[in-house]
Amino acid sequence: MNRKYRKTVIAGNWKMNKTPTQTKEFMTQLKAILPKGRWCDIALCVPAVCIPAAVRAVRETRIGIGAENCNPNPSGAYTGEIATDMLVDAGCKYVIIGHSERRAMGETDADVNAKVLAALEAGLTPIMCCGESLEQREADITNEWIAMQIKLGLQGVPEEKIRKVVIAYEPIWAIGTGKTATPEQAQEVCESIRAVVRKLYSSKNARAISILYGGSMNEKNAFELLAQPDIDGGLIGGASLVPEKFVQIIEAANQPTA
Ligand code: PGA
């Protein structure tokens, strides 16, 4: 982290977990133990049907609610889809875009790009995900792969909006496996992502953008991961489902930075 230049963001990704009723219970428990300090932004990205309950529950707190996907079109014949304006109207501040689980369902880099542009247009903060498979890591093409995902995902994002984008580096082999990237591995890729942003935009923008790590981040390993200079927060799946664990990760974001 480097709180001098950029925001620290601790974001939960609930995936397909919890009902609206369970959302309400979770938020009640979370609010009771939420640390008072303001050292990081807190986001919880929840299933679409849980958004109203989540938004209602976090009123007057510093937690922002997000969606886990969006459709890039403004409206129309897209059965089952949700537009960015609908998310904003429902009270969302964030939207996860290009998670590897969605890419595995067929989402392309072009889709990711269209969604990022639509989210920015609507005033949402896109949390744009990237990450390599185990095969790609073993073939030593991680940085090239990630650079390609970042370049394609950010196409057409104007200079004045790039700081609004949050990037999440999530190695596919670390998601939900309990196999976290080492702090050094995660730092190396997050640093290279910042270098890509520097080339595409400028040093100032690269310095200001928040880059998160995700993949089995939990209350035990968060401190060490967040201590890395280019890891500005976490995108947390499993551990974000348990209020105590999520709070411990938020507390790990309260450490001195360089
Ligand atoms: P995990 O998920 O923390 O359960 O590994 C992270 C994610 O997929 O965003």
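That block above? That's the structure.
Parameters at a glance
Residues numbered from 1 in each chain as written. Predicted model: local features only at pLDDT ≥ 70, side-chain atom pairs only at ≥ 80, totals over all residues. Heavy atoms only, no water. Helix = DSSP H or I, 4+ residues; strand = E, 2+ residues; numbered from the N terminus. Expected span 1.5 Å × (residues − 1). Buried < 20%, exposed > 50% of the residue type's maximum accessible area, 1.4 Å probe, protein only. Arc of directions from axis to C-beta. Contact = heavy atoms within 4.5 Å. Pairing = 2+ DSSP bridges. Axes fitted to C-alpha atoms, helices over the stretch in contact; angles between N-to-C directions.

### Here we look at helix H7 (residues 142-153)
And then number 1: Its 12 residues give H7 an end-to-end C-alpha distance of 16 Å, which sits within 8% of 16 Å, the value for a rise of 1.5 Å per residue.
And then number 2: Residues Thr142, Ile146, Ala147, Gln149, Ile150 and Gly153 constitute the buried set of H7. Each buried residue of H7 sits inside an arc of 160 degrees when the element is viewed along its axis, so together they form one side.
And then number 3: Contact partners of the buried residues in H7: helix H4 (100-103), helix H5 (109-122), strand S5 (125-130), helix H6 (134-138), strand S6 (166-169) and helix H8 (183-200).

### A closer look at the sheet that holds strand S2 (residues 41-45)
And then number 1: The strand order around the closed barrel built from 8 strands is S1-S2-S3-S4-S5-S6-S7-S8, with neighbouring strands paired in parallel fashion. Neighbour-to-neighbour, the strand axes of this sheet turn through a mean angle of 25 degrees, independent of strand direction.
And then number 2: Sheet analysis places S2 next to strand S3 (residues 63-67), joined by 4 bridges and oriented parallel. Considered in S3, the bridge of Cys45 is made with Gly66.

### Quick look at unusual backbone geometry
And then number 1: Phi angles above zero are rare outside glycine, and Glu60 is one such case at about 65 degrees.
And then number 2: When you line up the elements, Glu60 lands in the loop between helix H2 (51-58) and S3.
And then number 3: Judged by its relative accessible area of 85%, Glu60 is exposed.
And then number 4: Of note, Ser216 is a non-glycine position whose phi angle comes to about 55 degrees, a positive value.
And then number 5: As for its placement among the helices and strands, Ser216 is situated in the loop between strand S7 (210-214) and helix H10 (222-226).

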